[in-house]
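# Report on the structure
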Amino acid sequence: MDYTVDYINPEIKLSCYGGKLFKTEAAFDDHLLVWLISGETRVIGADENLVFGKGSTFMIPRHLLATIINVPKDGLPHKAVAMHLSINRLREFYRDREMTPRPAPGKIRSFREHPLLRSCMASLIPYFEMQGTFPGDIASLKINEAISILRNIDPGIDHVLANFEEPHKIDLAAFMERNFMFNMPLEKFSYLTGRSLTTFKRDFHKTFGTTPQRWLTYKRLERAHYLFTENHRRPIEVCYETGFENLSHFSFAFKKQYGYAPTQLLARLDIASKSH
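Along each chain, residues carry numbers from 1 onward, in the same order as the chain's sequence is written. Whole-chain, interface and lining totals are the exception, using all residues; otherwise, since this is a predicted model, local features are given only for residues with pLDDT of at least 70 and side-chain atom pairs are given and counted only at 80 or more. Calculated side-chain values reflect all of the structure's heavy atoms, with hydrogen atoms and water omitted.

### Comments concerning the pattern of salt bridges
One speaks of a salt bridge when a side-chain nitrogen belonging to Lys or Arg is within 4 Å of a carboxyl oxygen belonging to Asp or Glu. Under the definition given, this model contains 20 salt bridges. The partner of Glu 241 in a salt bridge is Arg 42, with the nearest N and O atoms 2.9 Å apart. Placement of Glu 241 in helix H10 (residues 235-241) and of Arg 42 in strand S5 (residues 40-45) is noted, with a sequence separation of 199 residues between them. Only protein chains enter the accessibility calculation, which uses a 1.4 Å probe; a residue whose area is less than 20% of its type maximum is buried, one above 50% is exposed, and one in between is partly exposed. Judged by relative accessible area, which is 23%, Arg 42 ranks as partly exposed. Where Glu 222 meets Lys 219, a salt bridge forms, and the shortest distance between an N and an O atom there is 3.6 Å. Of this pair, Glu 222 and Lys 219 both sit in helix H9 (residues 212-231), three residues apart, roughly one helical turn. Via salt bridges that share partners, Arg 42, Arg 233, Arg 234, Glu 237 and Glu 241 belong to a single interconnected network. Strands are runs of DSSP state E lasting at least two residues, helices are runs of H or I lasting at least four, and both sets are numbered from the N terminus onward.

In structure tokens:
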């Protein structure tokens, strides 16, 4: 298999991918701390695109919408250790610590190649080779060690980790205009905007005058057209960055909306650029 995931407990895993690329959408219920052993990870957010290489350590905060593309590099598979920092775990950690968290931006935090954090994550590798059940008390020690290191190297991390609030009702139009390119179930969009699915659909129709599915398709194709004309991006890149799951479906939908396929548009643009 190209893709394998090994868990030493439900909160700590080692993933390995040897294909061309692996794409997923992030809107995790837990904060995800990642140490990249080999390969490259590209994270496409509403406001920023980040690229992480071998040795990088970064944290994706819970509920952050992003597209994650993992790619093997330099002849090595994409390999990473990931640690879930769950709300239950963090509540226990902060229970006896006086904290008054203030709102913090939900952005990916990069810790570069910090030796303490790298050492903590690397120390997990031998446990994946063990036979039998991984001791729960050791898992707890390792996760608490990682949290303590994060607090030591990032003064503002408490305002992220100790914030246990759930999404509240927010402006639907502003949220969807920022996040339409992420291929999430409607249930996730409704939750992140602080609504039930029924209320989300009703408010959506009031706001946009159409169904979520139709609006999302139109906006994603509009964004794709912009990426082609302004940045001359490759179809496979645009496909993944605008919320489509496969290239054939993307090309079909694009041609249906614009009357020509992405390859035809790029050919025209190429001819036009050469004529100038």
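### Examining the nonpolar core
What we call a nonpolar core is a set of buried Ala, Val, Leu, Ile, Met, Phe, Trp, Tyr and Cys residues that are connected through their side-chain atoms within 4.5 Å. Within the largest apolar cluster, 29 residues are counted, with the highest numbers of intra-cluster contacts made by Leu 33, Met 59, Met 83, Leu 85, Leu 150 and Leu 161. For this core, the elements supplying multiple residues, two or more each, are strand S2 (12-17), strand S4 (31-38), strand S9 (78-85), helix H1 (87-94), helix H2 (115-122), helix H4 (136-153) and helix H5 (158-161). Counting residues per element, this core draws most heavily on H4, at six residues. Formed by 17 residues, the second largest nonpolar core is a distinct cluster that contains Ala 224, Phe 228, Val 238 and Cys 239.

### Quick look at the sheet that holds S5
Strands pair, by our definition, only if DSSP identifies at least two bridges between them. With respect to topology, four strands assemble into an open sheet ordered S3-S8-S5-S6, the strand pairing being antiparallel. Whereas interior strands pair on both sides, the edge strands pair on one side only; in this sheet they are strand S3 (22-26) and strand S6 (49-52). Between one strand axis and the next, the sheet turns through 15° on average, direction left out of account. Note: S5 against S6, four bridges, orientation antiparallel. When the bridges of S6 are listed, Val 43 appears paired with Leu 50. For helices, the axis comes from a line fit to the C-alpha atoms of the stretch in contact; other axes are also lines fit to C-alpha atoms, and the angle between any two N-to-C directions lies between 0 and 180 degrees.

### Some remarks on the sheet that holds S4
A sheet is described by the order of its strands in space; here six strands give the open sequence S1-S2-S9-S4-S7-S10, paired in antiparallel fashion. Looking at which strands have only one partner, the edges of the open sheet turn out to be strand S1 (3-9) and strand S10 (109-110). Sheet topology note: the strand S7 (residues 57-60)/S10 ladder contains two bridges and is antiparallel. Note on S10: the bridge partner recorded for Phe 58 is Ser 110. By the convention used here, residues are in contact when the closest approach between their heavy atoms is within 4.5 Å. Of the strands in this sheet, S4, S7 and S9 are in contact with H2, which crosses S4 at around 85°. Most of the contacts of H4 go to S9, to which it runs at about 90°, and overall it touches S1, S2, S4, S7 and S9.

### Observations regarding the environment of Ala 80
Tracing the sequence through the fold places Ala 80 in strand S9. By relative accessible area, Ala 80 is classed as buried at 5%. For Ala 80, the residues in contact, after removing those within four places along its chain, are Lys 13, Leu 14, Ser 15, Val 34, Trp 35, Leu 36 and Ile 37.

### Focus on the pairing of S4
A large share of S4 lies buried, amounting to seven of its eight residues. As defined by bridge partners, S4 adjoins S9 across seven bridges and the pair is classed as antiparallel. Residue Trp 35 lies in a different strand from S9, and its bridge partner there is Val 81. Pairing geometry for S4 and S7, over four bridges, is antiparallel. Within S7, the residue paired with Leu 32 across the bridge is Ile 60.

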